[in-house]
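Spelled out, the chains give:
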Amino acid sequence: MKHIQTQLAKMSIDEKLHILAGSGFGNNGAARPPMNLKKDVSGVAGYINGVHNEKLDIPATALADGPAGVRIIADSDEATAHYNSTAWPIGSLLASTWDSDLITEVGKAFGEEIRDLGVDFILAPGQDIQRNPLNGRNFEYYSEDPLLTGRSSAAIVRGIQSNGVGATIKHFVANNSETNRQQVNEIITPRSLREIYLRGFQIAIAEGKPWALMTSYNQVNGAYNNARSDLLLSILRDEWHFEGLVMTDWFAGDTDQPGTQVAAGNDMIQPGGDQVFQNLKTAYDNGVLTDEMVDRSVSRILEQVCRTPGYLMQDFAGSVQHKDEHLALVRRAAAEGMVLLKNDQALPAEPRETMAVFGINQVNTYKGGTGSGDVNVSSTATLADGLSSQFDCDSKLLTFYTDYFEQNRVASNGGLGVSNGYTCDEPTIDDDAMTQYANSNDIAVICIGRQAGEGADRANEAGDYLLSDAETTLLQQVATTFHDQQKKVVVVLNVNGVVDTSWADDVDAIVLAYMPGQDGTYAVADILSGKTNPCGKLAQTFPVSYEDVPSASTFPGVDTTDDGAVDTEYYNEGIYVGYRYYTTFNHDVAYPFGFGLSYSNFELSDQRIVADHLSLGQYGNLVLTASVTNTGKVAGKEVAQVYVSAPQGALDKPAIELKSYAKTKLLHPGETQELVFLIPSELLASFDPEHERWLIEAGHYQFFISNSSDVSNTRPLDLNITKEIALMKTTSGALALPDDVSEDSFVTVTQ
Ligand code: BGC
């Protein structure tokens, strides 16, 4: 800190404002050269300007996307493929591992690449709540639940930062849709913000200590997040003690008023550039920005910059050093996250079985989503590559799909000018050919893929959330023909997020592979062959139909000004997001949050509350234990989840809420492991909007330790809390609803 004060004393006001402004954006979609550039990393998203004068030499530092890997220019060294970074499994798939240690391991390897490639801060992880399945960027995010989101984020941040590079958690807060994301005003009650949308960030900050945070594009309750001092100073700094730097998203909010943004606690404007600098200077000259504010933000930036490899002038390799190990880790992490949704004695498939693989997605495979969450890789293993590495796949069928793809694919720009890929329609197969394929193969696999990305939301339409007509025809044709011959049909979903599964009864098994990263398709084969016993659990609910989603009628907002653009979205469902809604209002779902099958069986026993220190208030906690036994025939892992059912007091409560979870090690048949769950008091508390505090109400609490959010067959543990426990008081008036909106303005969602 003293060191920073000394540096500040050696800087002119212009030099300070240049640090706040960022270096600017070139017309090639990448950052402009910054001040005092000592290393050039092509294709990064931004830089923090350095300073060079007689007394100071602070090098510029580089910021690069994104959540699934380091996104820099794609010039690969084809000979070694060592220049390109690794595309990791998407956030939703990592979260489905429910394994913080594994996510940290991914973070460590990811961070090694960030450092190797000369980047100082990665613009990741993304951790907005998956409020609605149609958000185009859900693939970058973890879950519909704030605890799983926050823990997954903290885990990857710890791994990344163990390499001496910074992570940037984003987008703060409630960037839950892409439609008109730069203007849309999200109307959300303070309680929903606190319990659902902010909580994951709060956990990530407490447990991960990220060096940086990115504010989001959208407005909340009538003001842009990057200009809200209640959010950025009162909550983030005073309540949560965040010590990192805060940056805007690229060209976010009221871009003419960067002074107001910095004054509100948004330290750095990205990507910045000359005009931003000029506007900051005007704000300074006009007194909107005081010296104190400028110094506050510059010191916050420099405190983090001082830790980076760029500032420390460390050498970097300029290429990824441990590519093979990293690809092996992609495969392991992807396999541990994939969710077996259905299995009617179809899987695991025997290696000697001959496999007929259908669907254009087997050759047009998606490693990840598009936009800034994409990664430029040298090559991606397709599903056909993955499956044929372990199975005898019908080569005639593969040739048919390969040829069709080559002749009919259409190059697509996946969004915002940064991603390339292809679209291709689903070819038809005539009935005779289908019969031939059924005659000559033992099992059918249908690959269904969905791409999505930054800048657009998805649609509840055929070909997107729903199967296309051609896919429906294919699925039925394969199912009928193979079932006629008593042969099984498996569907592999290579998707960006939740899709309709109303066709599930027609097939025997469904593997949710999400977007498994580069070479993650080998993990699909590991799951299908049983090399890896599936142990992923859903990090989001699969509803029976899209219409059941509590935000279906409001997403992605309405056009109140009649100018053709969505501008306002009411979060009518309040705290009832995802399983909190379905369980409270008794809605059937297709696959519940936390659900996932295994090739083995597990029994939970000996559930106990072993310590209750809640009376210690803010520092109190609960400790629970349970034993998990593998009662099946093959080794496997199980995730035990602790849900609380809190009493209905002054505050209404969801039927159940996730409060802790743990995954076993690989348990061999007959083996038992005891798991321990710690629930800190603040996690048990609800937000009491009237008194603006966190509160554990008195009454009867039930704890369900279960292997999914369907706790209907689980006997709960009881706990009586005789006196209410008031925890932290929060900032008065923070994030209040706009004056013309009251609690009554929300259409209550109850059915
Ligand atoms: C995205 C951010 C990203 C930034 C820089 C923005 O459009 O919303 O997530 O980090 O661009 O590429």
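1. Quick notes on the overall build of the protein chain
Next, step 1: Per the secondary structure count, the protein chain includes 19 helices and 32 strands.
Next, step 2: Relative to the 2.2 N^0.38 estimate, which gives 27 Å for 751 residues, the radius of gyration of the protein chain is 26 Å and therefore close to what a compact globule would have.
Next, step 3: With the C-alpha coordinates of the protein chain rotated into their principal frame, the extents come out at 80 × 65 × 55 Å.
Next, step 4: The buried share among the 751 residues of the protein chain stands at 65%.
Next, step 5: In the protein chain, of all internal contacts separated by at least 6 residues, the share reaching a separation of at least 24 is 77%.
Next, step 6: When the 52 basic and 99 acidic side-chain charges of the protein chain are each reduced to a single mean position, those positions are 8 Å apart.

2. Focus: helix α4 (residues 100-116)
Next, step 1: Over its 17 residues, α4 extends 24 Å from the first C-alpha to the last, a length consistent with the 24 Å expected when each residue adds 1.5 Å.
Next, step 2: α4 sits mainly inside the fold: 12 of its 17 residues count as buried.
Next, step 3: Within the sequence span of α4, burial applies to Leu102, Ile103, Thr104, Val106, Gly107, Ala109, Phe110, Gly111, Glu112, Glu113, Ile114 and Asp116.
Next, step 4: Summarising the contacts, the buried residues of α4 are in contact with α3 (91-95), β5 (121-122), α5 (146-161) and α12 (323-337).

3. Focus on unusual backbone geometry
Next, step 1: In this structure, the amide linkage connecting Phe172 to the following residue, Val173, adopts the cis form with an omega of 10°.
Next, step 2: For Val173, the location among the structural elements is in the loop between β6 (166-172) and β7 (185-187).
Next, step 3: That bond from Phe555 to Pro556 is cis: its omega, -5°, falls within 30 degrees of zero.
Next, step 4: Mapped onto the fold, Pro556 is located in the loop between β20 (542-543) and β21 (568-570).

4. Overview of the environment of Arg409
Next, step 1: By the element assignment, Arg409 lies in the loop between α14 (395-408) and β15 (410-413).
Next, step 2: For Arg409, a relative accessible area of 33% corresponds to the partly exposed category.
Next, step 3: Between the C-alpha atoms of Arg409 and Ser551, which are 142 residues apart in sequence, the distance is 35 Å.
Next, step 4: For Arg409, the residues in contact, after removing those within four places along its chain, are Tyr404, Tyr422, Thr423 and Cys424.

5. Quick notes on the state of the cysteines
Next, step 1: In this structure the tally under the stated criterion is zero disulfides.
Next, step 2: No disulfide involves Cys424; its sulfur sits 14 Å from the nearest other cysteine sulfur, which is in Cys447.
Next, step 3: The buried category is assigned to Cys424, whose relative accessible area is 15%.

6. Concerning the environment of Gly50
Next, step 1: Residue placement: Gly50 occurs in the loop between β1 (46-48) and β2 (51-52).
Next, step 2: Sequence separation between Gly50 and Ala124 is 74 residues, and the spatial gap between their C-alpha atoms is 22 Å.

7. Points about the sheet that holds strand β8 (residues 212-215)
Next, step 1: Strand order across the open sheet formed by six strands is β1-β4-β5-β6-β8-β11, with mixed pairing between neighbours. Each edge of the open sheet carries a strand with a single partner, namely β1 and β11 (245-247).
Next, step 2: Set on the sheet, helix α7 (residues 199-208) makes contact with β6 and β8; between it and β6 the angle comes to about 165°.
Next, step 3: Against the sheet, helix α8 (residues 229-239) touches β6, β8 and β11, its axis set at about 155° to β11.

8. Focus on the pairing of strand β24 (residues 621-630)
One face of the sheet, then the other: side chains in a regular strand alternate in exactly this way.
Next, step 1: Across the 10 residues of β24, 10 count as buried, placing the element largely inside the fold.
Next, step 2: Going residue by residue along β24, you find Asn621, Val623, Thr625, Ser627 and Thr629 tucked away on one face and Leu622, Leu624, Ala626, Val628 and Asn630 tucked away on the opposite face as well.
Next, step 3: Pairing between strand β23 (residues 602-612) and β24: eight bridges, direction antiparallel. The residue bridging Phe602 from the neighbouring strand is Asn630, located in β24.

9. Some points on the packing of aromatic side chains
Next, step 1: All told, the structure shown has 22 aromatic pairs when counted by the stated rule.
Next, step 2: Summarising the aromatic geometry, the rings of Tyr197 and Tyr571 are spaced 5.3 Å apart at their centres and angled 70° between planes, so their arrangement reads as edge-to-face. Of the two residues, Tyr197 is situated in helix α6 (residues 190-197) and Tyr571 in the loop between β21 and α18 (579-584); the sequence distance between them amounts to 374 residues. We note that Tyr197, like Tyr571, is buried.
Next, step 3: Geometrically, the ring pair formed by Phe358 and Phe482 is edge-to-face, given 6.0 Å between the ring centres and 85° between the ring planes. Of this pair, Phe358 sits in strand β13 (residues 354-358) while Phe482 sits in helix α16 (residues 469-484), and the two are 124 residues apart along the sequence. A single burial state applies to Phe358 and to Phe482, both of which are buried.
Next, step 4: Aromatic rings pair up to connect Trp98, Tyr579, Phe593, Tyr643 and Tyr661 into one cluster.
Next, step 5: The lysine or arginine in question, Lys39, covers the ring of Phe316, its NZ or CZ lying 5.6 Å from the ring centre.
Next, step 6: Taking the ring centre of Tyr422 as reference, the NZ or CZ of Arg409 above it sits at 4.4 Å.

Scoring rules and cut-offs
- Residues numbered from 1 in each chain as written.
- Predicted model: local features only at pLDDT ≥ 70, side-chain atom pairs only at ≥ 80, totals over all residues.
- Heavy atoms only, no water.
- Helix = DSSP H or I, 4+ residues; strand = E, 2+ residues; numbered from the N terminus.
- Rg over C-alpha atoms; globule rule 2.2 N^0.38 Å.
- Buried < 20%, exposed > 50% of the residue type's maximum accessible area, 1.4 Å probe, protein only.
- Contact = heavy atoms within 4.5 Å.
- Lys, Arg positive; Asp, Glu negative; His and termini not counted.
- Charge placed at Lys NZ, Arg CZ, Asp CG, Glu CD.
- Expected span 1.5 Å × (residues − 1).
- Disulfide = S-S within 2.5 Å.
- Pairing = 2+ DSSP bridges.
- Axes fitted to C-alpha atoms, helices over the stretch in contact; angles between N-to-C directions.
- Phe/Tyr/Trp six-rings, centres within 6.5 Å; stacked < 30°, edge-to-face > 60°.
- Lys NZ or Arg CZ within 6 Å of the ring centre and 35° of its normal.

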